[in-house]
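What follows is each chain in one-letter form.
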There are 2 protein chains.
Amino acid sequence: MNTGTEAPRRTRIQQEKRELILEAALEVFSTNGFRGSTIDQIAEAAGMSKPNLLYYFRRKEDIHETLMQRLLDTWLAPLRELDDIGDPMTELRSYIRRKLEMARDFPRESRLFANEILQGAPRIMPLLAGELKTLVDEKAGVIKGWMRAGKIARTDPWHLIFSIWATTQHYADFDVQVRAVLGPNRGGDGRFEDAARFLEQLFLEGLKPKA
Amino acid sequence: MNTGTEAPRRTRIQQEKRELILEAALEVFSTNGFRGSTIDQIAEAAGMSKPNLLYYFRRKEDIHETLMQRLLDTWLAPLRELDDIGDPMTELRSYIRRKLEMARDFPRESRLFANEILQGAPRIMPLLAGELKTLVDEKAGVIKGWMRAGKIARTDPWHLIFSIWATTQHYADFDVQVRAVLGPNRGGDGRFEDAARFLEQLFLEGLKPKA
DNA sequence: CAAATTTTTGACCGATTGGACAAACGTTAG
DNA sequence: CTAACGTTTGTCCAATCGGTCAAAAATTTG
């Protein structure tokens, strides 16, 4: 009884199957990229036939778009939590730690974004120049405040944020390389603790205010 | 007059055309990934017909493989130059600078590798666990020596190398995002100088030996 | 129950893919 | 010139792609 103007009302089955498909699509898209993934692959991973999948998402792009929109909020949550009220060094430390935990616990989400950005972000460019830029600019302002107050060393807040993104996401996006280089011993489950220890030292020492 | 056992002897035309194809393939592969790229795209970018291209490279994978093998050396050259004899801080500074210059001057090469690693490195895994691991282990030893000599702060040399890779390559692989966030003013040509200044501060301060 | 609706499937379609192939064309050596 | 060789192209192919459609099956509703 959809009049066409209101938000789609979904049945229980539709809810469940759509979740199933999105979960499968996350797996497939994150390892093959958008163009490298096929509807058949996603359908098989979701345990259903291709026409059945297309009953829930009419086009391949719709799946990807839905995934992206849902994930962006999750992905930016740690930065949103970066707060003006706490101690700067403590805030930065927990931001780095949270980002690294996300790389460990949600590597597929990280790779999905990486794939998209790598290929020129054809489908999420507006979000980058809009929502993302706004958020980063705001947080850069917070960091600048800390610098003016002499709480942390003076540097470029934007590039500071970039470097935190780069170093933490590296452990999700380049996981294969990290493990290959570290080898079976150092590359085991402990690698995230090692990374956390290193990054904390690097950033906290590197940002200590000059006396 | 190829006897079949010796290295392929190539005519002048073969040399030139193969270079043309590899240049075109670098452009296409680095922006679409392997599976997302088509032989037709590469052929068109190289200004020739598809059967003509297949005369020089019999399979799509051969082009990719040749590209990878050629580029790995270039890509690792800065790390190879990291030398035991110079001043540690100076050596690290120029390593970071060289890596950042490569991100600026050869972004396609960086994206090609990123694409490959992101998708599980199906075609270059042996190189990672072999040649790459050997080189990194060796340089980690050099860095460890500096630490023992009290020239730089004690940390994990492997993760130090990872973080330098991550932060510098970020400016090639995530260039679209970097420019979108920085905006037209800060994201102009000067962004690499800003990045260089920031990274130098971060790493050199973060690695200062404790007194 | 039965009717209406939602879900699932097999068969199919045109477009695109990587690649094969023989014929045509160009070049060079004798 | 001519024969041999290297290069280029048009045509074709089987496989795979994203997506359609009608009909069957399952579920919900009255």
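Residues numbered from 1 in each chain as written. Chains lettered and ligands numbered in written order. Predicted model: local features only at pLDDT ≥ 70, side-chain atom pairs only at ≥ 80, totals over all residues. Heavy atoms only, no water.

Undergrad: Any chance you could explain the overall build of chain A here in plain terms?
TA: Counting secondary structure elements, chain A contains ten helices and zero strands. Its helices and strands taken in sequence order, chain A reads α-α-α-α-α-α-α-α-α-α from the N to the C terminus. If you line up chain A on its principal axes, its C-alpha atoms span 65 × 50 × 30 Å. When the 211 residues of chain A are sorted by exposure, 52% land in the buried category. If you take every contact in chain A between residues at least 6 apart in sequence, the share linking residues at least 24 apart comes to 67%. Summing over all exposed atoms, chain A offers an accessible surface of approximately 10100 Å²; the carbon and sulfur share of this is 50%. Charge centroids of chain A, computed over 32 positive and 31 negative side chains, lie 2 Å from each other. (Helix = DSSP H or I, 4+ residues; strand = E, 2+ residues; numbered from the N terminus. Buried < 20%, exposed > 50% of the residue type's maximum accessible area, 1.4 Å probe, protein only. Contact = heavy atoms within 4.5 Å. Areas by Shrake-Rupley, 256 points an atom, 1.4 Å probe, with all protein chains shown as cover. Lys, Arg positive; Asp, Glu negative; His and termini not counted. Charge placed at Lys NZ, Arg CZ, Asp CG, Glu CD.)

Undergrad: What is the right way to read the protein's contact with DNA strand D from this model?
TA: Inspection of the region around DNA strand D gives 18 residues, with Thr38(A), Lys60(A), Thr11(B), Lys17(B) and Tyr56(B) positioned closest. In DNA strand D, atoms within 4 Å of the protein come from the sugar-phosphate backbone in 56% of cases. Taking Lys60(A), its main chain carries an N or O atom lying 2.8 Å from a phosphate oxygen of DNA strand D. The contact in question runs from a phosphate oxygen of DNA strand D to an N or O atom on the side chain of Gln14(B), over 2.9 Å. Where the surface near DNA strand D is concerned, the elements lending two or more residues are helix 3 (50-56) of chain A together with helix 1 (12-36) and helix 3 (50-56) of chain B. No other element matches helix 3 of chain B, which puts four residues into the surface near DNA strand D. Among the residues forming the surface near DNA strand D, the class breakdown is seven nonpolar, six polar and five charged. (Near = heavy atom within 4 Å. Polar contact = N/O pair within 3.5 Å; in protein donor to acceptor, adjacent residues only side chain to side chain. Nonpolar A, V, L, I, M, F, W, Y, C, P; charged D, E, K, R; others polar.)

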